[in-house]
Structures are given as structure tokens and as C-alpha cells.
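Coordinate inspection notes
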Amino acid sequence: MSKYTHHHAAVFLMTFLSYAFFHATRKTFSNVKSTISDEWSPSYHNNTVNYTKPDQIWNTRHLFNSRKDAEPYLGILDAVFMISYAVGLYISGMIGDRLNMRLVLSFGMCSSAITVLVFGVVFEWIHFYNKYVYVIVWILNGLLQSTGWPTVVAIMGNWFGRYSRGLVLGLWSACASVGNIIGAFLVSGVLDYGYDYAFLLTSSVLFAGGVINFFGLVSTPNEIGLSLPDKDTVVHPKEYSVVVNEGEPREQLSDEEYSSNHLFNDRETVDEDAPLLSSPKPLPVSPQTGDRPTAIGFCSALCLPGVALYALAYACLKLVNYSFFFWLPYYLHNKYGWKETVADDISIWYDVGGIIGGTLFGFVSDRFQHRSVIVIPMLLLGIPALFTYNSDLSQTLTMNGILMAVVGFFIGGVANLVSAAISADLGKQGPVQGNSEALATVTGIVDGTGSVGAAIGQILVPVIQDGLGWKSVFYLFMLMTLLTALCILPLFIREVKDLCKQSRMKAKLSRFKGLSVSNERAGGSENEDTDQLFN
């Protein structure tokens, strides 16, 4: 499909906003951590009173003895969310390939919105505070939120072809960063009224988006009579067969004549006026499978070329990316003493850098038709960017925002490219080319493995920060960025060899064309030039 229609624009916008709303609800919790830790800790009447009696009356929200004691628990909530989110991604990917992705996405958005509402609003309004119930509800939220990413990436992969996928999905992958920005603005606008209003606002937006998707989203072009974008170049073996012009029909020839013509293409029986290839004819479809291709299994998807390496790489990279997502406002508030709303606004610049980086890297990788040759250099440049941001240069608001945007450009931009465009490439390659029922499973594997790394990071960050300080946390980030590059290194080497081979072939073809032109002018023989070129 060479031209985009208004359906493409509608799908792009609806899936973009869907995942942006998912991220806005996640950003809510990270942006209200300081407020929640205050609410869950004892609050005295004034600085001269150190203890109030009876304690159960004056401190009904007393979950922790101090704000510092609340930090590990906040990290636990982040960790259990990411673990359940990772497990859910593996499951949701396979569910999305087997069920209608529009229904899966709508259900995930509406049910997740209700869960967030219960966690942040209902429990606060009825004054119910329990550590274990909070953990259970947040685990459920992680499972429900996992329905979002595999389905929206699969829907986008169904609508946009391979040769524009880097630019389109690079731009589209900014949905997570835009969601973070939306969440930060929504939270900062109502946080002064209480953290429960922040959860109320973002969960309402998410629920409304789920309802809109249920009635308006089209998950694949086939639903409205359009063809898949890569259908012109790739045909799925289970859906179509190609009939070669072999002259007389089978029923008009004897078995001996048919065998001879079929194997050796006897020119005497071939209709030279007929086209070489006839129109593709759909193969019979069994009533058990319907007209959908067979969905790929988990192990088969994991064994696809590059999936395991990129999944491990994304586990390391998502640890860094999501640590910024969960802890950046808290870090700015505690290290520099900036007001929480100011810290929320400054943290937006990380996402701005990620939007620019993801779009630019996708565009450049489309030109090269290779992804790893772009990913590795950007990751290596991200290490000095992290070191500089952790230095004294980021003391002021302006410099902090600039350096944060640079870190987001390299770290967040590569993370956006891996999670969207590269995942779509992996789910549309080789053995599963043309099979629209494999993309969500592959995306779930890559993002699910990444979420396992992110979950480990949410446990490590508060522990390392409490024992060694924030500098050691950033050293961890640099190490994980380096490990990300090492995981992709075999693919990088292979792609560099491919590019060098292509460059040599182009040079030979260019030389051959030049010799051909010279020989035509001199009246020489083309065959002699060809022998001269390749001998």
C-alpha cells in the first residue's frame, strides 16, 4: 500500500493516545511519591511536638515511622508493578494474537483505570490504609496495563509497512514520553488539592480512551477491505499459492505428459501469449482456523533471529529508562530541595529528549535499512551523557533541564526505537513474514523481558541510594547501558558486514555500468567487459 489514508491517521492517533494515557496513569504514582510518603507517615501539629497520644487517633494514616522508612515500600510497589507487568506482557502478547486486539486493548484500558481509581481515590476517601492490600491492587494494575503495548504495536505494524516503519514508529513511540508529559501536567495541576485528585483525573482520562477505542479503533486494514502494507512483497504460504503458466490444464493431459511438462517446462505445450504468473488464488481454509493465519507460539517467537538478543538488551536498557521514569521527580526533590511540582515540570525534559531521539533514530535507520548500526553508537554516547548529568553541572534548573534532555535523547530515544520499530521488525521477519498473528507475541517477549530488568532496577535503586548515594545509582545506569550495547554487538557486527558487502556490490555495479558505456562508444563487446570485471 503506497499511499496513506485517513484510516492510517486515525489508527496512528488513537493508538498513540491510548498508550499515552496508560503512561499518564503510571506517571501519576511516580509524581506523587513525596506527597504519599508524607501522607503515610506521622504528621505532628507543629515542630515542638514530637509525639502525640493516643497515636491511633492523631495518626490514622500511620503506615511508616518516617518518610525515609516509606522509601523502600515505594520501591517495592514499583517492583511488584513491573514484575506483574512483565508477566502480563508475555501473556497479553499471545492473547492479542489470538483475539480481537481492539477488544483486548479496550478491556485493558477500562479495567486498569478502575484499578487505579480504587488504589488512589477510593482507599483515600474511605480512609482505608493497608500495605498488603496496596500491593495486591498494584499487582493487578500491572497485569491489566500489560495489555496495552503488545496490542498497540501490533496494530501499528499491521497498518504501516517495513520501509517506513522506522520513521513512523520512531515518531509514534513518543507516545510513552508524551504520556509522561501529560501525566506530569495533570498531576501538577491538581496535586495541591491532594494526591487522590491526581489519580482521579488520570484514571478518568484512561477510561474514556478505552470506551472510544471500543467503538472506533480498526485493528487491521483487512477489517475495512484494505490490504496489508507488506502484502505486495510478501505472501504468507498458508494464505496464497502462485500458479505458474504451464500450458495445458492438468485434466487435459495424461499422467506422463503432465509429469514431463511440470518438471521440464516443455516449451511446445506452453501458451506463450499467457502471462507467466496467474493471479494468486486463495488456498482452502479449514473451518477450524477461519481466515486468520496460525498464531505463533511463545517458544517459536523466542527463537526468531534477534529476538533473544534484543530482549536481553532491552532488559538492561529499560532498567535505566524506567528508573528515570519512576524516580526522577523524587531524585530532584530530595537532592536539590526543589518543590515537588517544580521537579515534575523539570522531569519533562527527559521525555522531550526521548521524543526527538526516537524520531531521528528511526528516520536514519530507515535510510540504512539497519537498526543496530544506529543503536550501538547512540548507547555509547549515552554513557558520558549520564556521567555529565551526575556532575555538578546540573545544579541549576536550566542546566539540569538541558543535560536531562541530552540523556533522554540517547537513552530514551534508543529505548523508544527498540520497543516499537525494532520489535515490529522482529515480528515481521523471516519465518513469520506476512503473518499478522505473530507481532503481538514478539512484542510481548521483548517488552516483557525489558520489564523484568526494570523490576530489578526498582529494587536496586532505593537500596543502592540508601547505602551508597545517588552517584552510585548513576554508575549502575552507566554499567547497564554498556551491557545493552554488548548484548546487541553480534547483530551490530553482522549488519556492518552486510553494509560493507552492499557497498562493494554497488561499487562493482557502478564500475560495470561505466565499462558498458565506454565499450558502447568504442564498439567493443559487452561480454569481454563482463569477463574483465569479474575475473
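Structure's up top.
For every chain, the first residue of its written sequence is number 1, and the numbers climb from 1 along that sequence. Reporting of local features is limited, given that this is a predicted model, to residues whose pLDDT is at least 70; pairs of side-chain atoms are given and counted only at 80 or more, and all residues count toward the totals for whole chains, interfaces and linings. Hydrogen atoms and water are omitted, and side-chain values are computed over all heavy atoms in the structure.

Digging into the side chain of N141
Our working rule: A run of H or I in DSSP counts as a helix once it spans at least four residues, and a run of E counts as a strand once it spans at least two, with each numbered from the N terminus. Burial here depends on accessible area, computed with a 1.4 Å probe over protein chains only, as a share of the maximum for the residue type. Under 20% is buried, over 50% is exposed, and the range in between is partly exposed. Two residues form a contact once any of their heavy atoms are found within 4.5 Å.
Inspection of the secondary structure assignment puts N141 in helix α6 (residues 131–145). Taking the relative accessible area as the measure of exposure, N141 reaches 2% and is therefore buried. In this structure, N141 is in contact with F81, S112, T115 and V116, ignoring residues within four places of it in sequence.

What about the side chain of S177?
Looking at the element boundaries, S177 is found in helix α9 (residues 175–190). Its relative accessible area of 6% is what places S177 among the buried residues. Beyond its immediate sequence surroundings of up to four residues, S177 is in contact with D351, I355 and N416.

A word on a nonpolar patch on the surface
This is how the line gets drawn: Patches here are clusters of residues that have more than 30% relative accessible area and form no salt bridge, with a 9 Å joining cutoff for like charges and a 5 Å cutoff for nonpolar side chains (Val, Leu, Ile, Met, Phe, Trp, Tyr). Surface accessibility follows the Shrake-Rupley procedure with a 1.4 Å probe radius. Residue values consider only the protein chains on display as shielding. When a carboxyl oxygen of Asp or Glu is within 4 Å of a side-chain nitrogen of Lys or Arg, the pair counts as a salt bridge.
Side chains of I83, V87, I91, I95, L99, I139, L140 and L143 sit close together on the surface and give an oily, nonpolar patch of about 620 Å² of accessible area. Sorting the residues of the nonpolar patch by element identifies α4 (67–98) and α6 as the ones contributing at least two each. Summarising the element assignment, I95 is placed in helix α4. For I95, a relative accessible area of 34% translates into the label partly exposed.

Concerning α6
Our working rule: Here the expected length of a helix is defined as 1.5 Å per residue gap, with one fewer gap than residues.
With 15 residues, α6 should cover 21 Å at 1.5 Å per step; its first-to-last C-alpha distance of 21 Å lies within 8% of that length. Along α6, the residues that are buried comprise Y134, V135, V137, W138, N141, G142, L144 and Q145.

Structural notes on the nonpolar core
Threshold: Residue types Ala, Val, Leu, Ile, Met, Phe, Trp, Tyr and Cys, when buried and joined through side-chain atoms within 4.5 Å, form a set referred to as a nonpolar core.
If you look at the biggest cluster of nonpolar residues, it comprises 120 residues, and the most contacted ones within it are W40, F199, F324, L332 and Y389. Examining the composition of this core, we find that 17 residues originate from one element, helix α13 (residues 307–336), more than from any other. Ignoring any residue separated from it by four or fewer positions in sequence, one finds L332 in contact with G337, W338, A343, I346, S347, Y389, N400 and M404. Within the second largest apolar cluster, five residues are counted, among which are A301, L304, V307 and V442.

Concerning the packing of aromatic side chains
Applicable threshold: Planes of paired rings set the category: under 30 degrees apart is stacked, over 60 is edge-to-face and the rest tilted, where pairs are Phe, Tyr or Trp rings (Trp by its six-membered ring) whose centres lie within 6.5 Å. Only when the NZ of Lys or the CZ of Arg is both within 6 Å of the ring centre and within 35 degrees of the ring normal is a charge said to sit over the ring.
One pass over the structure, following the stated rule, counts 29 aromatic pairs. Measuring from ring centre to ring centre gives 5.0 Å for F214 and F215, while their planes differ by 90 degrees; the resulting arrangement is edge-to-face. Looking at F215, the relative accessible area reads 70%, which means it is exposed. Judged by centre distance (4.8 Å) and plane angle (70 degrees), the ring pair of Y331 and W470 falls under edge-to-face. Here the residue Y331 occupies a position in helix α13, and W470 occupies one in helix α18 (residues 470–522), the gap between them amounting to 139 residues. You can call W470 buried: its relative accessible area is 13%. Linked through ring pairs, F29, F81, Y85, F119, F123, F128, Y134, W138, Y195 and F199 together constitute an aromatic cluster. Here K33 stacks its cationic end above the ring of W327, 3.7 Å away from the centre of that ring. For K318, the ring lying beneath its charged end belongs to Y322, and the centroid distance is 4.7 Å.

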